[in-house]
Amino acid sequence: MRIVVDLTRCQGYAQCVFLAPKVFELHGEEGLLYAPAVPEDQGERVRQAAAACPVQAILVGEEVSAGAR
Ligand code: SF4
């Protein structure tokens, strides 16, 4: 499963980091790092993170293959 985070939307709320710390990581102010290729066992957490993101910056799976990469 692949994800893309729209970093122009991301406001660094860190909801995703809280829900899926193995995939998302915040470095300093608004510096979000993430793993574009999500490990199998993290899929559910990442979906929860995408749903919890206040600005819907996280695009998951199908949405990604339709767009870039
Ligand atoms: S939850 Fe959304 S806004 Fe917050 S750090 Fe993650 S991607 Fe950015």
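Everything numeric here is computed off the predicted structure, so don't read it as measured data.

**Considerations on the pattern of salt bridges**
Here is step 1 of the chain: In this structure the tally under the stated criterion is one salt bridge.
Here is step 2 of the chain: Between Arg-9 and Asp-6 there is a salt bridge; the shortest N-O distance is 3.8 Å.

**As for unusual backbone geometry**
Here is step 1 of the chain: Positive phi, close to 70 degrees, is recorded for Ala-14, a residue that is not glycine.
Here is step 2 of the chain: Look at Ala-14 and you get partly exposed, because its relative accessible area is 26%.
Here is step 3 of the chain: Positive phi values are uncommon outside glycine, yet Gln-56 reaches one of about 50 degrees.
Here is step 4 of the chain: Assignment of secondary structure puts Gln-56 in the loop between helix 2 (43–52) and strand 4 (58–60).

**Examining the nonpolar core**
Here is step 1 of the chain: Ranked by internal contacts, the top residues of the largest apolar core, which has 17 residues, are Phe-24, Val-46 and Ile-58.
Here is step 2 of the chain: Elements with a contribution of two residues or more to this core: strand 1 (3–5), helix 1 (15–19), helix 2 and strand 4.
Here is step 3 of the chain: Sort the elements by how many residues they give to this core and helix 2 lands first, with three residues.
Here is step 4 of the chain: Leave out the neighbours within four places in its chain, and Phe-24 touches Ile-3, Val-5, Cys-16, Val-17, Leu-32, Leu-33, Tyr-34, Val-46, Ala-49 and Ile-58.

**Re the side chain of Gln-42**
Here is step 1 of the chain: With respect to the helices and strands, Gln-42 occurs in the loop between strand 3 (32–34) and helix 2.
Here is step 2 of the chain: On the accessibility criterion, Gln-42 (5% relative accessible area) is buried.
Here is step 3 of the chain: Once residues lying within four places of it in the same chain are set aside, the contact partners of Gln-42 are Lys-22 and Val-23.

**Examining the environment of Gln-15**
Here is step 1 of the chain: For Gln-15, the location among the structural elements is in helix 1.
Here is step 2 of the chain: Residue classification places Gln-15 among the partly exposed residues on the basis of a relative accessible area of 34%.
Here is step 3 of the chain: As a C-alpha pair, Gln-15 and Cys-53 span 38 residues in sequence and 6.0 Å in three-dimensional space.
Here is step 4 of the chain: With residues up to four places along the chain from it excluded, the contact list for Gln-15 reads Ala-52 and Pro-54.

Calculation rules
Residues numbered from 1 in each chain as written. Predicted model: local features only at pLDDT ≥ 70, side-chain atom pairs only at ≥ 80, totals over all residues. Heavy atoms only, no water. Salt bridge = Lys/Arg side-chain N within 4 Å of Asp/Glu carboxyl O. Buried < 20%, exposed > 50% of the residue type's maximum accessible area, 1.4 Å probe, protein only. Helix = DSSP H or I, 4+ residues; strand = E, 2+ residues; numbered from the N terminus. Core = buried A, V, L, I, M, F, W, Y, C linked by side-chain atoms within 4.5 Å. Contact = heavy atoms within 4.5 Å.

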